[in-house]
Amino acid sequence: LADKTDAFREGLKELLPRLWRFCLVLTGNRSAADDLTQAACVRALERRHQMREDTRLDRWVFRIAQTIWLNDLRAAKIRRGKGMMQPEEADLIDPAASAELTLYLAQVLSGVMELPEAQRMVIFLVCVEGYSYKEAAEHMGVPIGTVMSRLAAARARLSAMTEGVPVKDRER
Amino acid sequence: MRLAVPITDEELIAYLDDVLDPARRREIGIALESDESLQHRLAALFIDKDAIKAAFDAVARTAPVQHMQQRLDDGWEPSQQGGLSSWRWSRIAAVFALGIGLGYAGGAGVYKSRDQNWHEAVANYQVLYVTGTLASLPADMESQRNDIAAVSAKLGLSITPEALRVPGLGFKRAQLLQFQGRPLAQFAYLDADDVPVAFCATRTGDADSPVKTGRFHGLPAAFWSRGGYGFMVIGAARVEELEHAAGVLAKQI
């Protein structure tokens with residue numbers, strides 16, 4: 001069991017950058033992402049015995065973070081009068097990250113983060129985390145048709161946004 | 001060419017992502033050769049997926065996770081010889097969680113010094129509690145009694161299940177945490193509105209003091225000292241409720 005424990009801890013440690021990024025996509029806010037990452041780790045540790053052998057750690061922990069966000073933190077944030085989460089652009093990309101991003105990539109990032117929450121998540125899961133439509137549907141607890149219509153709506157918005165950006169400016 | 005079944009945007013994105021069934025894919029491919037408006041619709045759904053991936057990978061590389069990684073390296077008690085019971089496991093997880101709370105005060109990523117007082121450390125931990133953390137715990141009286149006895153023994157203070165009864169609060173769990181190497185007992189409750197409330201105790205060596213109220217990291221709390229131990233009731237409930245619970249517990253313990 002000790003080895004298993006260690007493997008779980010190591011797995012969680014390796015996952016932290018991606019988990020935090022996932023939380024950032026959910027919350028649209030860096031400090032809320034810190035809190036959510038932390039809460040998801042705590043809960044994952046508390047419930048690690050419930051994780052099935054054939055489950056991928058990353059997807060299981062993402063699911064935990066999503067549940068905490070939907071059930072608790074978002075509701076609390078709205079209750080506190082902060083309204084629906086709109087990404088705070090200045091807060092989103094820290095200087096270290098923006099140094100790495102070309103103008104085009106920064107625009108792409110803002111474009112995704114400005115999407116409505118459900119569209120933002122589905123684009124992130126499919127394009128960044130490599131989920132299939134079916135896996136994204138399972139993660140979000142919605143029918144696959146809903147995932148596809150959210151994807152279509154999100155793609156239409158993102159496509160309109162980058163329309164007219166010359167290909168040479170897209171180089172990175 | 002017009003298809004008998006109109007092509008939806010959902011089908012077009014599946015076409016772009018190459019996950020459409022082969023027969024429909026062929027139909028759409030043929031239609032695209034001659035249907036200009038369909039070509040425009042397809043173009044309007046095209047996105048630069050590589051750019052999206054690259055942008056988010058850059059974000060992940062700057063995730064402020066160093067302190068948390070450090071905690072996962074250092075803040076973990078080495079496992080005991082042999083197997084760990086789930087009881088013991090959850091306590092170790094809790095100690096780890098408290099460590100995270102100390103390192104990540106308020107989620108701002110500011111690493112606080114270890115000499116902050118235990119009230120703040122507990123508050124840091126308590127803010128992570130949500131109804132769901134406690135609601136799903138089984139109400140197994142026998143194991144609760146055992147847990148309380150184990151925590152009480154470790155703390156060096158006699159605390160019985162009866163002494164922990166507070167009108168209006170449903171007892172959920174006893175946990176042994178630790179703060180600066182000293183045992184810290186946490187008894188978790190849900191109030192009538194399902195708000196998590198914790199009653200905590202640790203040896204402080206402080207002089208006796210009556211119940212006072214205050215706030216730690218935004219959470220209201222009622223705290224007191226007696227016999228060299230510090231006690232606190234804390235949670236996102238009304239301060240009057242916490243003060244009342246503190247009064248009851250101070251009499252019973």
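Provided above is the structure to which this section pertains.
A brief report on the enclosed structure follows.

The rules we used
- Residues numbered from 1 in each chain as written.
- Chains lettered and ligands numbered in written order.
- Predicted model: local features only at pLDDT ≥ 70, side-chain atom pairs only at ≥ 80, totals over all residues.
- Heavy atoms only, no water.
- Helix = DSSP H or I, 4+ residues; strand = E, 2+ residues; numbered from the N terminus.
- Buried < 20%, exposed > 50% of the residue type's maximum accessible area, 1.4 Å probe, protein only.
- Areas by Shrake-Rupley, 256 points an atom, 1.4 Å probe, with all protein chains shown as cover.
- Core = buried A, V, L, I, M, F, W, Y, C linked by side-chain atoms within 4.5 Å.
- Contact = heavy atoms within 4.5 Å.
- Salt bridge = Lys/Arg side-chain N within 4 Å of Asp/Glu carboxyl O.
- Axes fitted to C-alpha atoms, helices over the stretch in contact; angles between N-to-C directions.
- Parallel < 35°, antiparallel > 145°, perpendicular 65-115°, else oblique.
- Pairing = 2+ DSSP bridges.
- Arc of directions from axis to C-beta.
- Left-handed = near helix turned anticlockwise from the far one by under 90°.
- Nonpolar A, V, L, I, M, F, W, Y, C, P; charged D, E, K, R; others polar.

Structural notes on the overall build of chain A
Step number 1: When you go through chain A residue by residue, the secondary structure sums to 9 helices and 0 strands.
Step number 2: Secondary structure elements in chain A, listed N-terminal to C-terminal, are α-α-α-α-α-α-α-α-α.
Step number 3: Within the span of chain A, comprising 172 residues, buried residues form 55% of the whole.
Step number 4: For chain A, the accessible area works out to roughly 7,800 Å², and carbon and sulfur atoms hold 52% of it.

Things to note about the nonpolar core
Step number 1: Leu19, Phe22 and Ile123 of chain A together with Ile52 and Phe56 of chain B are the most contacted members of the largest nonpolar core, which totals 73 residues.
Step number 2: Considering every element that reaches this core, the biggest residue donor is helix α1 (residues 2-27) of chain A, with 11 residues.
Step number 3: Setting aside residues up to four positions removed in sequence, Ile52 of chain B forms contacts with Val108, Val112, Ile123, Cys127, Val128 and Leu158 of chain A together with Ile47 of chain B.
Step number 4: In terms of nonpolar packing, the next biggest core, distinct from the first, is built from 30 residues, Ala201, Val233, Val248 and Leu249 of chain B among them.

Considering the pattern of salt bridges
Step number 1: This model, assessed by the stated rule, comprises 20 salt bridges over all chains.
Step number 2: Lys134 of chain A is paired through a salt bridge with Glu138 of chain A; the nearest N and O atoms lie 3.4 Å apart. Linking Lys134 of chain A with Glu138 of chain A, this pair stays in helix α8 (residues 133-140), spanning 4 residues, or about one helical turn.
Step number 3: Residue classification places Lys134 of chain A among the exposed residues on the basis of a relative accessible area of 55%.
Step number 4: Between Arg145 of chain B and Glu162 of chain B there is a salt bridge whose closest N-O contact spans 2.9 Å. Of this pair, Arg145 of chain B sits in helix α9 (residues 141-155) while Glu162 of chain B is found in the loop between α9 and β1 (169-179), placing the two residues 17 residues apart along the sequence.

Some thoughts on the environment of Phe8 of chain A
Step number 1: Along the chain, Phe8 of chain A falls in helix α1.
Step number 2: Ignoring sequence-local partners within four residues, the contact set of Phe8 of chain A consists of Ala44, Leu45, Arg48, Met51, Leu57 and Trp60 of chain A.

Observations concerning the packing of helix α6 (residues 103-113) of chain A against helix α4 (residues 49-61) of chain B
Step number 1: Running from N to C, α6 of chain A and α4 of chain B point in directions that differ by 90 degrees, and their axes come no closer than 9 Å. It follows that α6 of chain A is roughly perpendicular to α4 of chain B by the angle criterion. Facing α6 of chain A, whose interface residues are Tyr104, Leu105, Val108, Leu109, Val112 and Met113 of chain A, α4 of chain B presents Ala51, Ile52, Ala54, Ala55, Phe56 and Val59 of chain B.

Points about the pairing of strand β2 (residues 182-191) of chain B
Residues and elements named next belong to chain B.
Step number 1: Across the 10 residues that make up β2, a large majority, 8, are buried.
Step number 2: Strand direction decides the pairing type here: β2 and strand β3 (residues 196-203), joined by 7 bridges, are antiparallel. Residue Leu184 lies in a different strand from β3, and its bridge partner there is Thr202.
Step number 3: Connecting β2 to the antiparallel partner β3 that follows it, the hairpin turn spans 4 residues, and Asp194 within it adopts a positive phi of roughly 65 degrees.

A word on α8 of chain A
Residues and elements named next belong to chain A.
Step number 1: Every buried residue of α8 is accounted for by Tyr133, Ala136, Ala137, His139 and Met140. Down the axis, α8 shows its buried residues gathered within 160 degrees of arc, on one side only.
Step number 2: One or two residues past the end of α8 sits Gly141, with phi positive at roughly 65 degrees.

Overview of the environment of Lys13 of chain A
Step number 1: Along the chain, Lys13 of chain A falls in helix α1.
Step number 2: Between the C-alpha atom of Lys13 of chain A and that of Cys41 of chain A, which follows or precedes it by 28 residues, the distance is 9.4 Å.

Some points on the packing of helix α2 (residues 22-34) of chain B against helix α3 (residues 36-43) of chain B
Residues and elements named next belong to chain B.
Step number 1: Where α2 meets α3, the closest approach of the two axes is 6 Å, and the angle between their N-to-C directions is 110 degrees. In terms of orientation, α2 and α3 fall into the roughly perpendicular class. Where α2 crosses over α3, the handedness of that crossing is left-handed. Counted together, Ile28, Ala31, Leu32, Glu33 and Ser34 of α2 and Glu36, Leu38, Gln39 and Leu42 of α3 form the full contact between these two elements.
Step number 2: Broken down by class, the residue content of the contact of α2 with α3 amounts to 5 nonpolar, 2 polar and 2 charged.

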